[in-house]
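If you want the building blocks of each chain, they are given just below.
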Amino acid sequence: MSALNTKLLRELWTLKAQIASIALVVAAGIMSIVTMRGSYESMVDAQQQFYRNARFADAWVNLVRAPESLRSSLESVVGVDAVDTRVTFIATLDLDDSGIAAHGRFISLPEMGRPLLNDIVMRQGRYINPGALDEVIISEKFAKAREFEPGDSIRAIINGRARVFEVVGTAISPEHTYAVPPGAIYPEDERYGVFWASREVLGPAFNMDGAFNEAFVSLGPGANIDAVIKDIDNLLEPYGGLGAYARSDQISHLILQSELDQNRITGAVIPVIFLGVAVFLLYLVLGRLIATQRGEIAVLKAFGYSDWEVGGHFLMFAVVAVLLGGMVGMIGGALLGDAYIGMYSTYFSIPNLTYQLSFPLMGFAFAACALGAFTGAVAAVRHSVLLPPAEAMRPEAPANFRPGFLEKLGLGKLMNATGRMILRNMERKPVQGMFSSLGIALAVAILTIGFFMFDSVYYMMDLQFRQIQREDLNLTFREILSEDVRYELANLDGVSRVETYRLVPARLRFGHREDEVAIQGMEQNGEMRRIVNAAGKEIPVPASGVVISAMLANRLGVTSGDQLFAEMLNGKRRRALVPVNGIIEDFLGLSVFMSKEALWQLSDEPGVISGALLAVDENDRETVQRSLKEMPAVTGVASPTTMLKSFEEQLAASILTAAGFLLGFASIIAVGVVYNAARIALSERGRELASLRVMGFHRREVAWLLLGEQGVVTLFAIPIGWLIGYLLSYSITTGMQTDIYRIPFITEPRTYFTSALLVLIAAIASGWLVRRRLDRLDLIEVLKTRE
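Reference entry: report on the structure contained in this document. Small disclaimer: the values here were computed from a predicted structure and weren't measured.

**Considering the overall build of the protein**
Next up, step 1: Scanning the protein for helices and strands turns up 24 helices and 22 strands.
Next up, step 2: At a minimum sequence separation of 6, the contacts of the protein that also span at least 24 residues come to 81%.
Next up, step 3: When the accessible area of the protein is evaluated, it comes to approximately 33900 Å², of which 57% is carbon and sulfur surface.

Structure (structure tokens):
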């Protein structure tokens, strides 16, 4: 082993704590991009493969009833490549273990062969046998939640008649990767599942023998989806068509794609921030670390080593730090990525959803960190190598301390001698202090981003489920019913209040822009369902006109006072102009509100409702739910309390786990910055501090002189970090706006306090480690000067 390599090993062992902390910063930068961006790419690959294998459709349409002979007309629509039809409906499940109503979406399968489009993927058991009238395949998540196995039986109430099916298998479908029950916004696997049965069973049960109530198509190359949808709507309007919609509006795909879009943003923006911070810190820390080796560089040159040999030797500090950090970051990133993907697989049903290592991605992250490390190291080595050996072996000339700008302003009079020394040293090296503060500020900013997610998500959920949806139960009916049904519901034991609502699918148009949404008719004086904006202010339900979401208003280009052209997509399919009476900022869905009476008039269907809201005594809730279970007309029973619990268990897992990753990475960076800054300051000022000890300063005073400067730098960095974190959080919020939900920009005071507290804890811990080293300082060794 050469002398340089022996020296390198000794130096690395001496500086092991600093090298380790630098390696952890590298690991955090690489780990963030490997975990977050790699998880996004793995999910996209699994989604696209699933869609291709299952022949996922491009457009759907629901209708009342159409003869199967109409299929040929659908196939002749310009741009359509393939057509498939089926029968589908919601049925009540008779499960004996709970009084809570459970429902299943029954979907027909061809009697012979597999579906042409939207095929299912078997996960357990077998496919339905031809001619089998009592066999059913159930969705995998419902089967797991209810512990159903192939061979078990399940009883369903289909169109008022009980029927027992044998479970022959479990499956997943691209249409139900995220299965949401009617009236809910999150999965509830214990009370809602998807059931696939023979069309020979489901068709006659709902008078659909030789007919269908849902069709879907795939498009040929270059087809215009908007033109295809328009032609399909025109063709199926006489048969009660409810408006065709593209894949982008299919609910399961929409939710999955929204999640992927948000992951794309967080998987691109946040790792870039981490990687940028890591590269910046490597440049800063390694540059200062190698600059402290000035004397050693001069001695090596005096012994005849060339500039290239000396430079290469000290660059190995950067190589070792990057290699160690790179290995830890890649292994840790792969493990965290696997855990991240595993979290999504708990509530998204996608086959082959596993984390896939992306070697180009890892290579990019590694190269970026290596570039930052080498840039910092080269700048420091070059400065020392260019000095003549005799000059470089001398210690740097002592600084010419004199009153600086701040001290001349009178700040020095407020300090003791130690304080003035700290102030003068900081004024002597303002650029170094500024960069150190910036490094710590970035750690504060990252922590602020992480805690901001907690604040925003919980504010959104509190607003939605405690201020807007204040009912105990939300009922969805299989078909529209008379308003008089409210009296029957009010007579149920335990029901203290009933409010009803009407939902009408509609196409809203303003100029050349249009969108399909559901208009919700509400009770004007309702207490259980209110219109509340993002600030928590209640908006009265207007007697006429609509109140719409700001996101929908922006999409249509309307402002308050404009007239929207509304086309009802069911019933009498009325068309009329509707004034926009208000626009609200909200967080869930694209909402259109109006009074129930105004919607009756608009649709020309007075006195009918789509569902009801119930206030139920807590002690009687199970009794009420058992009564609802016996009502065939009720196809959905949703509870805001249950939905909130589902959110906390599922959606929160993705956001809060991502926030947890941020906190972990930020903590590593905070410790790496503060500890290295203090250690390098000790190396740079060791002779000065030892001289003060010899002159009679106590250990505590010398420690205060060193660590006090680091404390000032840290305190100065905290408000800067808050500002950077605020701006980055706002940027992330604006990029996470989807039709399903929109993350509000909410930062509580505790977010800033906690982010500052964690950085201060890191600073104090680092200071304690440096103080221990300072106490063990060998004064004679430090004061030796090479002549």
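Next comes the rest of the description.
**A look at the sheet that holds strand β2 (residues 80-86)**
Next up, step 1: Strand order in the open sheet made by the four strands is β2-β10-β1-β11, with antiparallel pairing throughout. Edge strands, defined here as strands with exactly one partner in the open sheet, are β2 and β11 (245-246).
Next up, step 2: Pairing of β2 with strand β10 (residues 211-219) involves six bridges; the strand directions are antiparallel. Looking at β10, one finds that T85 is bridged to A215.

**Details of unusual backbone geometry**
Next up, step 1: Positive phi outside glycine occurs at E147, with the angle close to 60°.
Next up, step 2: Structurally, E147 can be placed in the loop between α4 (140-146) and β7 (153-158).
Next up, step 3: Of note, N352 is a non-glycine position whose phi angle comes to about 55°, a positive value.
Next up, step 4: Tracing the backbone shows N352 in the loop between α9 (307-345) and α10 (359-385).
Next up, step 5: Residue class for N352 comes out exposed when judged on its relative accessible area of 52%.

**Focus on the packing of helix α2 (residues 16-54) against α9**
Next up, step 1: At a minimum axis separation of 6 Å, α2 and α9 run at an interaxial angle of 35°. The handedness of the crossing between α2 and α9 comes out as right-handed.
Next up, step 2: Taken together, the residues of the contact of α2 with α9 sort by class into 21 nonpolar, nine polar and no charged.

**Here we look at the nonpolar core**
Next up, step 1: Core analysis: the largest hydrophobic core is formed by 54 residues, its most contacted members being Y178, Y344, F348 and I350.
Next up, step 2: Sorting the residues of this core by element identifies α2, α7 (251-291), α9, α10, α14 (430-468) and α19 (640-649) as the ones contributing at least two each.
Next up, step 3: Ranked by residues supplied to this core, first place goes to α2 with 10 residues.
Next up, step 4: Ranked by size, the runner-up nonpolar core spans 25 residues in total, among them A28, I446, F665 and V759.

**Digging into the packing of aromatic side chains**
Next up, step 1: Applying the stated criterion across every chain, the model contains 15 aromatic pairs.
Next up, step 2: Taken together, a centroid distance of 4.3 Å and an interplanar angle of 40° make the contact between Y51 and F56 tilted.
Next up, step 3: The buried category is assigned to Y51, whose relative accessible area is 4%.
Next up, step 4: Ring pairs connect the aromatic residues F89, F106, F142, F148, F165, F195 and F206, which therefore count as one cluster.

**Considerations on a nonpolar patch on the surface**
Next up, step 1: Together, L324, M327, I331 and L335 make up an exposed nonpolar region whose accessible area comes to about 420 Å².
Next up, step 2: Residue position: I331 is located in helix α9.

**Notes on the pattern of salt bridges**
Opposite charge on two side chains lets them pair, provided their charged atoms get close.
Next up, step 1: All told, the structure shown has 33 salt bridges when counted by the stated rule.
Next up, step 2: The closest approach of N and O atoms between R55 and D119, which form a salt bridge, is 3.3 Å. Taken together, the residues R55 in the loop between α2 and β1 (59-67) and D119 in the loop between β4 (102-109) and β5 (121-125) connect sequence positions 64 residues apart.
Next up, step 3: In this structure D119 comes out as buried when scored by relative accessible area, which is 8%.
Next up, step 4: R486 is the salt-bridge partner of E523, the closest N and O atoms lying 3.0 Å from each other. Highlighted residues: E523 in the loop between β14 (513-522) and β15 (531-532) and R486 in helix α15 (residues 485-490), separated in sequence by 37 residues. Summarising the burial analysis for this pair, E523 and R486 share the class buried.

**Focus: the side chain of D515**
Next up, step 1: For D515, the location among the structural elements is in strand β14.
Next up, step 2: You can call D515 buried: its relative accessible area is 12%.
Next up, step 3: A polar contact is formed between the side chain of D515 and the side chain of R555, at a distance of 2.9 Å.
Next up, step 4: If we ignore the near neighbours within four places in the chain, the residues touching D515 are A506, R507, L508, L552, R555, L556 and L590.

**A short note on α2**
Next up, step 1: Taking 1.5 Å per residue, 39 residues should reach 57 Å; α2 reaches 54 Å between its end C-alpha atoms and fits that length.
Next up, step 2: At the C-terminal side of α2, R55 shows a positive phi close to 55°.

**Describing the packing of helix α1 (residues 3-14) against α9**
Next up, step 1: Here α1 crosses α9 at 35°, and the two axes come no closer than 11 Å. As for the relative orientation of α1 and α9, their crossing is right-handed in sense. Of the residues in α9, those touching α1 at L4, K7, L8, E11 and L12 are E309, H313, F314, M316, F317 and V320.
Next up, step 2: Residue composition of the contact of α1 with α9, by class: seven nonpolar, one polar and three charged.

**Brief notes about the pairing of strand β8 (residues 161-172)**
Next up, step 1: Relative to β8, β5 is paired through four bridges, and the arrangement is antiparallel. Paired with G125 across the two strands is G169, which belongs to β8.
Next up, step 2: With six bridges connecting them, β7 and β8 associate as antiparallel partners. Residue pairing in the sheet places S153 in a bridge with E166 of β8.

Criteria and cut-off values
- Residues numbered from 1 in each chain as written.
- Predicted model: local features only at pLDDT ≥ 70, side-chain atom pairs only at ≥ 80, totals over all residues.
- Heavy atoms only, no water.
- Helix = DSSP H or I, 4+ residues; strand = E, 2+ residues; numbered from the N terminus.
- Contact = heavy atoms within 4.5 Å.
- Areas by Shrake-Rupley, 256 points an atom, 1.4 Å probe, with all protein chains shown as cover.
- Pairing = 2+ DSSP bridges.
- Buried < 20%, exposed > 50% of the residue type's maximum accessible area, 1.4 Å probe, protein only.
- Axes fitted to C-alpha atoms, helices over the stretch in contact; angles between N-to-C directions.
- Left-handed = near helix turned anticlockwise from the far one by under 90°.
- Nonpolar A, V, L, I, M, F, W, Y, C, P; charged D, E, K, R; others polar.
- Core = buried A, V, L, I, M, F, W, Y, C linked by side-chain atoms within 4.5 Å.
- Phe/Tyr/Trp six-rings, centres within 6.5 Å; stacked < 30°, edge-to-face > 60°.
- Patch = residues over 30% accessible without salt bridge, like charges linked within 9 Å, V, L, I, M, F, W, Y side chains within 5 Å.
- Salt bridge = Lys/Arg side-chain N within 4 Å of Asp/Glu carboxyl O.
- Polar contact = N/O pair within 3.5 Å; in protein donor to acceptor, adjacent residues only side chain to side chain.
- Expected span 1.5 Å × (residues − 1).

Limitation: the analysis is restricted to geometry and does not speak to function.
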